[in-house]
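Next come the chains, spelled out residue by residue.
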Amino acid sequence: MTTLLPTASATPAVAAVLERLRLWPGEHHIAVGLSGGVDSSLTAALLQAAGWQVEGLTLWLMSGKGACCAEGLVDAAALCESLGVPHHVVDFREHFQAQIVDFLVQGYQAGVTPLPCSRCNREVKFGPMLAWAEKELGCMQLATGHYARLRPAAAATAGRTQLLRGLDSHKDQSYFLYDLPQQVLARLVFPLGELNKTQTRQEAGRLGLRTATKAESQDLCLADHHGSMKAFLDAYLPPRQGQIVLADGTVVGSHDGIEHFTIGQRKGLGVAWSEPLHVVKLDGAMNQVVVAPRREAGRIACQVAAINWVSIAPPQAALQVEVQVRYRSAPELALLTPISDSICQLQFLEEQFSITPGQAAVFYAGELLLGGGLIQRETAIQLETD
(Lines give C-alpha, C1' and ligand atoms only; values in the text may rest on other atoms or scores of the structure.)
Protein backbone atom coordinates (compact mmCIF):
# COMPACT_ATOMS: atom_id res chain seq x y z
CA MET A 1 0.00 0.00 0.00
CA THR A 2 1.25 3.48 -0.90
CA THR A 3 0.74 6.08 1.81
CA LEU A 4 -0.32 9.54 0.69
CA LEU A 5 2.06 12.15 2.09
CA PRO A 6 0.71 15.73 1.94
CA THR A 7 3.45 18.28 1.38
CA ALA A 8 1.61 21.23 2.93
CA SER A 9 -1.27 22.04 5.21
CA ALA A 10 -4.83 21.97 3.91
CA THR A 11 -6.26 25.29 2.77
CA PRO A 12 -8.96 26.94 4.92
CA ALA A 13 -11.65 25.85 2.42
CA VAL A 14 -10.56 22.21 2.57
CA ALA A 15 -10.17 22.35 6.35
CA ALA A 16 -13.77 23.56 6.59
CA VAL A 17 -14.93 20.65 4.42
CA LEU A 18 -13.07 18.17 6.62
CA GLU A 19 -14.66 19.65 9.74
CA ARG A 20 -18.16 19.37 8.25
CA LEU A 21 -17.49 15.76 7.32
CA ARG A 22 -16.28 14.95 10.83
CA LEU A 23 -19.51 16.39 12.25
CA TRP A 24 -21.79 14.74 9.68
CA PRO A 25 -24.64 12.92 11.43
CA GLY A 26 -25.03 9.17 11.26
CA GLU A 27 -22.70 6.23 10.83
CA HIS A 28 -19.47 7.11 9.04
CA HIS A 29 -19.34 4.03 6.82
CA ILE A 30 -19.84 5.10 3.22
CA ALA A 31 -19.65 3.92 -0.37
CA VAL A 32 -17.95 6.38 -2.73
CA GLY A 33 -18.82 6.31 -6.41
CA LEU A 34 -15.47 6.34 -8.24
CA SER A 35 -15.24 7.17 -11.94
CA GLY A 36 -11.46 7.40 -12.02
CA GLY A 37 -11.45 11.20 -12.25
CA VAL A 38 -10.02 13.80 -9.90
CA ASP A 39 -13.39 14.79 -8.41
CA SER A 40 -14.40 11.36 -7.17
CA SER A 41 -10.80 10.60 -6.17
CA LEU A 42 -10.62 13.63 -3.89
CA THR A 43 -14.07 12.83 -2.51
CA ALA A 44 -12.80 9.46 -1.27
CA ALA A 45 -9.57 10.95 0.07
CA LEU A 46 -11.37 13.71 2.00
CA LEU A 47 -13.81 11.29 3.57
CA GLN A 48 -10.98 9.03 4.66
CA ALA A 49 -9.05 12.02 6.05
CA ALA A 50 -12.15 12.97 8.03
CA GLY A 51 -12.22 9.53 9.64
CA TRP A 52 -14.85 7.78 7.54
CA GLN A 53 -14.70 4.09 6.64
CA VAL A 54 -14.62 4.28 2.84
CA GLU A 55 -15.63 1.63 0.30
CA GLY A 56 -14.76 2.44 -3.32
CA LEU A 57 -17.48 1.57 -5.80
CA THR A 58 -17.14 1.73 -9.59
CA LEU A 59 -19.89 0.89 -12.04
CA TRP A 60 -18.94 -1.05 -15.16
CA LEU A 61 -21.28 0.52 -17.70
CA MET A 62 -19.80 -0.27 -21.11
CA SER A 63 -17.39 -2.71 -22.68
CA GLY A 64 -14.36 -1.85 -24.76
CA LYS A 65 -12.71 1.50 -25.39
CA GLY A 66 -13.86 4.44 -23.30
CA ALA A 67 -12.33 6.53 -20.53
CA CYS A 68 -15.28 6.00 -18.22
CA CYS A 69 -14.99 2.24 -18.30
CA ALA A 70 -11.43 1.26 -19.18
CA GLU A 71 -8.94 3.87 -18.03
CA GLY A 72 -11.40 4.95 -15.35
CA LEU A 73 -11.54 1.49 -13.81
CA VAL A 74 -7.76 1.35 -13.65
CA ASP A 75 -7.45 4.78 -12.03
CA ALA A 76 -10.21 4.04 -9.52
CA ALA A 77 -8.56 0.77 -8.52
CA ALA A 78 -5.16 2.48 -8.16
CA LEU A 79 -6.67 5.20 -5.99
CA CYS A 80 -8.24 2.66 -3.64
CA GLU A 81 -4.93 0.85 -3.40
CA SER A 82 -3.16 4.08 -2.49
CA LEU A 83 -5.78 4.88 0.15
CA GLY A 84 -5.81 1.33 1.47
CA VAL A 85 -9.57 0.95 1.00
CA PRO A 86 -11.60 -1.81 -0.69
CA HIS A 87 -12.57 -1.34 -4.33
CA HIS A 88 -15.71 -2.95 -5.72
CA VAL A 89 -16.58 -3.11 -9.42
CA VAL A 90 -20.26 -3.70 -10.15
CA ASP A 91 -21.37 -4.91 -13.57
CA PHE A 92 -24.23 -2.60 -14.57
CA ARG A 93 -23.76 -2.98 -18.32
CA GLU A 94 -27.11 -4.62 -19.01
CA HIS A 95 -28.96 -2.12 -16.81
CA PHE A 96 -27.16 0.82 -18.45
CA GLN A 97 -27.98 -0.47 -21.93
CA ALA A 98 -31.70 -0.72 -21.14
CA GLN A 99 -32.08 2.45 -19.10
CA ILE A 100 -29.78 4.83 -20.97
CA VAL A 101 -28.65 3.59 -24.38
CA ASP A 102 -32.04 2.23 -25.51
CA PHE A 103 -33.79 5.24 -23.98
CA LEU A 104 -31.55 7.64 -25.93
CA VAL A 105 -31.95 5.83 -29.23
CA GLN A 106 -35.74 5.71 -28.92
CA GLY A 107 -35.90 9.39 -28.02
CA TYR A 108 -33.72 10.59 -30.87
CA GLN A 109 -35.65 8.39 -33.29
CA ALA A 110 -38.89 10.02 -32.17
CA GLY A 111 -37.59 13.56 -32.66
CA VAL A 112 -36.82 14.57 -29.08
CA THR A 113 -33.42 15.35 -27.59
CA PRO A 114 -33.18 13.18 -24.46
CA LEU A 115 -31.18 14.21 -21.40
CA PRO A 116 -29.23 11.08 -20.41
CA CYS A 117 -27.28 12.43 -17.41
CA SER A 118 -30.21 13.17 -15.09
CA ARG A 119 -31.85 9.90 -16.06
CA CYS A 120 -28.59 8.03 -15.45
CA ASN A 121 -28.28 9.65 -12.03
CA ARG A 122 -31.78 8.50 -11.10
CA GLU A 123 -31.97 5.10 -12.79
CA VAL A 124 -28.35 3.91 -12.63
CA LYS A 125 -25.94 5.81 -10.43
CA PHE A 126 -27.72 6.76 -7.22
CA GLY A 127 -30.74 4.60 -6.39
CA PRO A 128 -29.31 1.31 -7.70
CA MET A 129 -25.83 2.07 -6.31
CA LEU A 130 -27.29 2.80 -2.88
CA ALA A 131 -29.31 -0.40 -2.99
CA TRP A 132 -26.22 -2.44 -3.93
CA ALA A 133 -24.05 -0.77 -1.29
CA GLU A 134 -26.62 -1.36 1.43
CA LYS A 135 -27.16 -4.99 0.52
CA GLU A 136 -23.55 -5.98 -0.18
CA LEU A 137 -21.54 -3.64 2.05
CA GLY A 138 -23.93 -2.51 4.75
CA CYS A 139 -23.40 1.13 3.68
CA MET A 140 -26.41 3.36 4.19
CA GLN A 141 -24.80 6.43 2.59
CA LEU A 142 -23.22 7.24 -0.76
CA ALA A 143 -20.79 10.00 -1.72
CA THR A 144 -19.89 11.27 -5.18
CA GLY A 145 -17.73 14.04 -6.61
CA HIS A 146 -20.65 16.18 -7.77
CA TYR A 147 -20.41 19.94 -7.33
CA ALA A 148 -23.69 20.44 -5.45
CA ARG A 149 -24.73 20.96 -1.84
CA LEU A 150 -27.35 19.46 0.44
CA ARG A 151 -29.28 20.97 3.31
CA PRO A 152 -30.46 18.18 5.64
CA ALA A 153 -34.15 17.77 6.41
CA ALA A 154 -35.34 19.81 9.39
CA ALA A 155 -38.43 21.63 10.59
CA ALA A 156 -37.26 24.71 8.70
CA THR A 157 -37.29 22.77 5.42
CA ALA A 158 -40.63 21.05 6.05
CA GLY A 159 -38.89 17.72 6.44
CA ARG A 160 -37.25 17.84 3.01
CA THR A 161 -33.59 17.42 2.17
CA GLN A 162 -32.90 20.46 0.04
CA LEU A 163 -30.58 20.59 -2.94
CA LEU A 164 -28.45 23.68 -3.58
CA ARG A 165 -26.10 24.78 -6.32
CA GLY A 166 -22.40 24.08 -5.84
CA LEU A 167 -20.41 27.15 -4.84
CA ASP A 168 -18.41 26.95 -8.08
CA SER A 169 -20.83 28.46 -10.60
CA HIS A 170 -18.75 27.11 -13.49
CA LYS A 171 -18.94 23.52 -12.23
CA ASP A 172 -22.34 23.46 -10.48
CA GLN A 173 -23.98 20.11 -11.33
CA SER A 174 -27.25 20.45 -9.43
CA TYR A 175 -29.10 20.66 -12.79
CA PHE A 176 -28.40 16.97 -13.42
CA LEU A 177 -29.57 15.97 -9.92
CA TYR A 178 -33.06 17.49 -10.06
CA ASP A 179 -34.78 14.12 -10.51
CA LEU A 180 -33.43 12.39 -7.40
CA PRO A 181 -36.15 11.46 -4.89
CA GLN A 182 -36.08 12.45 -1.24
CA GLN A 183 -35.24 8.96 -0.01
CA VAL A 184 -32.05 9.08 -2.09
CA LEU A 185 -31.06 12.70 -1.36
CA ALA A 186 -31.26 12.05 2.38
CA ARG A 187 -28.49 9.45 2.08
CA LEU A 188 -26.02 11.39 -0.10
CA VAL A 189 -22.85 13.29 0.72
CA PHE A 190 -21.25 15.80 -1.67
CA PRO A 191 -17.90 16.85 -0.15
CA LEU A 192 -16.91 19.02 -3.13
CA GLY A 193 -19.99 21.25 -3.09
CA GLU A 194 -18.15 23.90 -1.07
CA LEU A 195 -15.03 23.85 -3.29
CA ASN A 196 -14.21 25.06 -6.77
CA LYS A 197 -12.37 23.06 -9.40
CA THR A 198 -9.07 24.83 -8.82
CA GLN A 199 -9.20 24.02 -5.11
CA THR A 200 -10.04 20.40 -5.95
CA ARG A 201 -6.99 20.00 -8.18
CA GLN A 202 -4.74 21.78 -5.70
CA GLU A 203 -5.84 19.54 -2.84
CA ALA A 204 -5.54 16.43 -5.00
CA GLY A 205 -1.97 17.49 -5.82
CA ARG A 206 -1.21 18.18 -2.15
CA LEU A 207 -2.36 14.65 -1.32
CA GLY A 208 -0.41 13.13 -4.19
CA LEU A 209 -3.44 11.68 -5.97
CA ARG A 210 -2.56 10.25 -9.38
CA THR A 211 -5.63 11.90 -10.91
CA ALA A 212 -4.72 15.45 -9.77
CA THR A 213 -3.81 16.58 -13.30
CA LYS A 214 -5.94 14.13 -15.25
CA ALA A 215 -7.73 15.78 -18.17
CA GLU A 216 -11.44 16.30 -17.75
CA SER A 217 -13.91 14.70 -20.13
CA GLN A 218 -15.76 17.28 -22.23
CA ASP A 219 -18.47 14.97 -23.54
CA LEU A 220 -21.07 12.49 -22.41
CA CYS A 221 -19.60 9.12 -21.48
CA LEU A 222 -21.29 7.65 -24.56
CA ALA A 223 -19.61 10.22 -26.79
CA ASP A 224 -16.24 9.47 -25.18
CA HIS A 225 -16.84 5.76 -25.63
CA HIS A 226 -17.74 5.98 -29.33
CA GLY A 227 -15.52 8.92 -30.26
CA SER A 228 -18.36 11.42 -30.70
CA MET A 229 -22.11 11.68 -30.15
CA LYS A 230 -22.62 11.43 -33.91
CA ALA A 231 -20.66 8.18 -33.99
CA PHE A 232 -22.77 6.80 -31.12
CA LEU A 233 -26.02 7.65 -32.91
CA ASP A 234 -24.74 6.31 -36.23
CA ALA A 235 -23.93 3.01 -34.51
CA TYR A 236 -27.56 2.56 -33.49
CA LEU A 237 -29.59 4.47 -36.09
CA PRO A 238 -29.20 3.89 -39.83
CA PRO A 239 -29.12 6.97 -42.09
CA ARG A 240 -32.63 8.24 -42.83
CA GLN A 241 -32.75 10.75 -45.64
CA GLY A 242 -35.25 13.53 -45.08
CA GLN A 243 -36.07 17.13 -45.77
CA ILE A 244 -35.19 20.39 -44.07
CA VAL A 245 -38.23 22.63 -44.44
CA LEU A 246 -39.64 25.99 -43.45
CA ALA A 247 -42.82 26.10 -41.34
CA ASP A 248 -44.90 26.48 -44.53
CA GLY A 249 -43.41 23.31 -46.00
CA THR A 250 -40.91 24.96 -48.34
CA VAL A 251 -37.98 22.57 -48.80
CA VAL A 252 -34.65 24.29 -48.19
CA GLY A 253 -32.31 21.32 -47.76
CA SER A 254 -31.88 17.68 -46.84
CA HIS A 255 -30.50 15.66 -43.95
CA ASP A 256 -29.47 12.07 -43.17
CA GLY A 257 -31.07 11.83 -39.73
CA ILE A 258 -33.04 14.22 -37.49
CA GLU A 259 -31.04 12.88 -34.53
CA HIS A 260 -28.09 15.00 -35.64
CA PHE A 261 -29.97 18.26 -35.03
CA THR A 262 -31.19 20.08 -31.95
CA ILE A 263 -33.64 22.91 -31.27
CA GLY A 264 -32.06 26.34 -31.63
CA GLN A 265 -29.19 25.07 -33.79
CA ARG A 266 -28.00 27.55 -36.41
CA LYS A 267 -24.60 26.32 -37.59
CA GLY A 268 -23.99 23.15 -39.56
CA LEU A 269 -27.44 22.95 -41.19
CA GLY A 270 -26.01 22.69 -44.69
CA VAL A 271 -28.65 25.13 -45.96
CA ALA A 272 -28.05 28.12 -48.22
CA TRP A 273 -30.68 30.75 -47.53
CA SER A 274 -31.06 34.51 -47.67
CA GLU A 275 -30.77 34.77 -43.87
CA PRO A 276 -29.59 32.53 -41.02
CA LEU A 277 -32.03 29.79 -40.07
CA HIS A 278 -32.56 28.07 -36.73
CA VAL A 279 -33.98 24.62 -36.01
CA VAL A 280 -37.41 25.05 -34.39
CA LYS A 281 -38.83 21.52 -34.59
CA LEU A 282 -37.78 17.92 -35.17
CA ASP A 283 -40.64 15.96 -36.70
CA GLY A 284 -40.07 12.26 -36.14
CA ALA A 285 -43.24 11.15 -37.91
CA MET A 286 -42.43 13.10 -41.08
CA ASN A 287 -38.64 12.74 -40.69
CA GLN A 288 -38.28 16.49 -41.17
CA VAL A 289 -36.15 19.21 -39.64
CA VAL A 290 -38.19 22.42 -39.47
CA VAL A 291 -36.24 25.69 -39.56
CA ALA A 292 -37.10 29.38 -39.33
CA PRO A 293 -35.42 32.80 -39.29
CA ARG A 294 -34.49 34.04 -35.84
CA ARG A 295 -37.46 36.44 -35.70
CA GLU A 296 -39.77 33.40 -35.94
CA ALA A 297 -37.72 31.01 -33.82
CA GLY A 298 -38.35 32.49 -30.38
CA ARG A 299 -40.70 30.90 -27.88
CA ILE A 300 -42.03 32.43 -24.72
CA ALA A 301 -43.78 29.46 -23.09
CA CYS A 302 -43.61 25.72 -22.72
CA GLN A 303 -45.17 22.92 -20.75
CA VAL A 304 -43.13 20.79 -18.38
CA ALA A 305 -44.19 17.33 -17.17
CA ALA A 306 -42.85 14.51 -14.98
CA ILE A 307 -41.86 17.15 -12.42
CA ASN A 308 -39.91 16.12 -9.35
CA TRP A 309 -40.31 18.69 -6.58
CA VAL A 310 -37.11 18.62 -4.56
CA SER A 311 -36.73 21.42 -2.03
CA ILE A 312 -40.37 22.46 -1.76
CA ALA A 313 -43.75 20.76 -1.83
CA PRO A 314 -45.70 21.00 -5.11
CA PRO A 315 -46.94 24.60 -5.31
CA GLN A 316 -50.67 25.23 -5.47
CA ALA A 317 -50.41 28.70 -6.97
CA ALA A 318 -48.28 30.42 -9.59
CA LEU A 319 -44.80 31.51 -8.55
CA GLN A 320 -41.89 33.29 -10.17
CA VAL A 321 -38.80 31.12 -10.64
CA GLU A 322 -35.45 31.10 -12.37
CA VAL A 323 -35.33 28.38 -15.01
CA GLN A 324 -32.49 26.60 -16.75
CA VAL A 325 -33.50 24.80 -19.94
CA ARG A 326 -29.96 23.52 -20.67
CA TYR A 327 -27.05 22.69 -18.38
CA ARG A 328 -24.90 25.52 -19.71
CA SER A 329 -27.70 28.04 -20.20
CA ALA A 330 -28.14 31.05 -17.94
CA PRO A 331 -31.16 31.03 -15.61
CA GLU A 332 -34.13 32.88 -17.08
CA LEU A 333 -37.05 34.41 -15.16
CA ALA A 334 -40.40 32.75 -15.74
CA LEU A 335 -43.84 32.47 -14.21
CA LEU A 336 -44.55 28.86 -13.24
CA THR A 337 -48.25 27.98 -13.23
CA PRO A 338 -49.06 24.52 -11.83
CA ILE A 339 -51.49 22.39 -13.83
CA SER A 340 -51.10 19.43 -11.48
CA ASP A 341 -48.46 18.29 -8.98
CA SER A 342 -46.35 16.95 -11.86
CA ILE A 343 -47.21 19.29 -14.77
CA CYS A 344 -46.78 23.05 -15.11
CA GLN A 345 -46.77 25.81 -17.66
CA LEU A 346 -43.78 28.15 -17.89
CA GLN A 347 -44.22 31.69 -19.21
CA PHE A 348 -40.84 33.34 -19.76
CA LEU A 349 -40.23 37.04 -19.42
CA GLU A 350 -38.07 37.03 -22.54
CA GLU A 351 -38.21 34.85 -25.64
CA GLN A 352 -36.12 31.68 -25.68
CA PHE A 353 -34.37 29.93 -28.56
CA SER A 354 -33.41 26.58 -27.06
CA ILE A 355 -36.60 25.19 -25.51
CA THR A 356 -36.07 21.58 -26.50
CA PRO A 357 -38.52 18.66 -26.00
CA GLY A 358 -36.85 15.93 -23.95
CA GLN A 359 -34.48 18.28 -22.14
CA ALA A 360 -34.98 19.31 -18.52
CA ALA A 361 -36.37 22.60 -17.29
CA VAL A 362 -35.00 23.03 -13.76
CA PHE A 363 -36.46 25.62 -11.40
CA TYR A 364 -34.39 27.63 -8.91
CA ALA A 365 -34.84 30.33 -6.31
CA GLY A 366 -31.33 31.71 -6.15
CA GLU A 367 -29.06 28.84 -5.08
CA LEU A 368 -31.97 26.60 -4.05
CA LEU A 369 -33.12 23.99 -6.57
CA LEU A 370 -36.91 23.83 -6.26
CA GLY A 371 -37.59 21.05 -8.75
CA GLY A 372 -37.57 20.21 -12.42
CA GLY A 373 -39.16 18.19 -15.18
CA LEU A 374 -39.06 17.38 -18.89
CA ILE A 375 -40.00 19.85 -21.59
CA GLN A 376 -42.88 18.55 -23.68
CA ARG A 377 -43.15 18.72 -27.44
CA GLU A 378 -45.63 20.89 -29.33
CA THR A 379 -46.46 23.09 -26.35
CA ALA A 380 -44.36 26.16 -27.11
CA ILE A 381 -46.22 29.41 -27.74
CA GLN A 382 -44.71 31.84 -30.21
CA LEU A 383 -43.96 35.30 -28.87
CA GLU A 384 -46.39 37.88 -30.19
CA THR A 385 -44.84 41.03 -31.64
CA ASP A 386 -46.31 44.36 -32.61
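Described in the following lines is the structure provided in the data block. (Residues numbered from 1 in each chain as written. Predicted model: local features only at pLDDT ≥ 70, side-chain atom pairs only at ≥ 80, totals over all residues. Heavy atoms only, no water.)

When its secondary structure is counted, the protein shows ten helices and 18 strands. Its C-alpha atoms give the protein a radius of gyration of 22 Å, near enough to 21 Å, the size a compact globule of 386 residues would have. C-alpha atoms of the protein, sized along the principal axes, occupy 70 × 50 × 40 Å. Out of the 386 residues belonging to the protein, those deemed buried represent 52%. Put simply, of all contacts in the protein between residues at least 6 apart along the chain, 67% involve residues at least 24 apart. By element, 53% of the accessible surface of the protein is carried by carbon and sulfur atoms, the whole surface being about 17,200 Å². Averaged over its 30 positive side-chain charges, the protein has a centre that lies 3 Å from the centre of its 37 negative ones. (Helix = DSSP H or I, 4+ residues; strand = E, 2+ residues; numbered from the N terminus. Rg over C-alpha atoms; globule rule 2.2 N^0.38 Å. Buried < 20%, exposed > 50% of the residue type's maximum accessible area, 1.4 Å probe, protein only. Contact = heavy atoms within 4.5 Å. Areas by Shrake-Rupley, 256 points an atom, 1.4 Å probe, with all protein chains shown as cover. Lys, Arg positive; Asp, Glu negative; His and termini not counted. Charge placed at Lys NZ, Arg CZ, Asp CG, Glu CD.)

The contact between helix α1 (residues 12–22) and helix α2 (residues 38–49) brings their axes to 9 Å, and the two run at 65°. Every pair of crossing elements has a handedness; the one defined by α1 and α2 is right-handed. Where α1 abuts α2, its residues V14, V17, L18, L21 and R22 lie against L46, L47 and A49. When grouped by side-chain class, the residues that make up the contact of α1 with α2 number seven nonpolar, no polar and one charged. (Axes fitted to C-alpha atoms, helices over the stretch in contact; angles between N-to-C directions. Left-handed = near helix turned anticlockwise from the far one by under 90°. Nonpolar A, V, L, I, M, F, W, Y, C, P; charged D, E, K, R; others polar.)

Right, let's get into the sheet that holds strand β1 (residues 29–33). The sheet built from five strands is open, its strands ordered β3-β2-β1-β4-β7 with parallel pairing. The two strands at the open ends of the sheet, each matched to only one other strand, are β3 (87–91) and β7 (188–189). On top of the sheet, α2 reaches β1, β2 (53–60) and β4 (141–143); it is set at about 165° to β1, its chief contact. Seen against the sheet, helix α5 (residues 116–137) touches β1, β2, β3, β4 and β7 and runs at an angle of roughly 125° to β2. (Pairing = 2+ DSSP bridges.)

The next thing to look at is the pattern of salt bridges. By the definition in use, this model includes 17 salt bridges. For K197, the salt bridge identified is with D39, shortest N-O distance 2.9 Å. Residue K197 is found in helix α7 (residues 197–206), and its partner D39 is found in helix α2; the two are separated by 158 residues along the sequence. Taking the relative accessible area as the measure of exposure, D39 reaches 13% and is therefore buried. Notably, a salt bridge pairs E367 with R149, separated by 2.6 Å at the nearest N-O pair. Highlighted residues: E367 in the loop between β16 (360–365) and β17 (368–375) and R149 in strand β5 (residues 148–151), separated in sequence by 218 residues. (Salt bridge = Lys/Arg side-chain N within 4 Å of Asp/Glu carboxyl O.)

On to the sheet that holds strand β11 (residues 288–293). Across the sheet, which stays open at both edges, the four strands sit in the order β9-β8-β11-β10 with mixed pairing between neighbours. Here the strands that pair on one side only, and so sit at the sheet edges, are β9 (251–255) and β10 (277–283). Averaged over all pairs of adjacent strands, the angle between their axes in this sheet comes to 30°, without regard to strand direction. Pairing of strand β8 (residues 242–246) with β11, which is carried by four bridges, proceeds in the parallel orientation. Across the sheet, L246 pairs through a bridge with V291, a residue of β11.

In this structure, A158 takes a positive phi of about 55° despite not being glycine. Looking at the element boundaries, A158 is found in the loop between β5 and β6 (162–165). The backbone phi angle of N287 is positive, close to 55°, even though this residue is not glycine. If you trace the backbone, N287 turns up in the loop between β10 and β11.

Most of β17 is tucked away: seven of the eight residues are buried. Here β6 runs beside β17; their pairing, made up of two bridges, is antiparallel. Residue L164 lies in a different strand from β17, and its bridge partner there is L368. One ladder, built from four bridges, connects strand β12 (residues 299–309) with β17; its direction is antiparallel. Each bridged residue has a counterpart across the sheet, and for V304 the counterpart in β17 is I375. Two elements, β16 and β17, share six bridges in a ladder whose sense is antiparallel. Pairing of A360 across the sheet is with L374, part of β17. Turn length for the β16-β17 hairpin, with the two strands adjacent in sequence and antiparallel, is two residues, and the turn residue G366 shows positive phi of about 65°.

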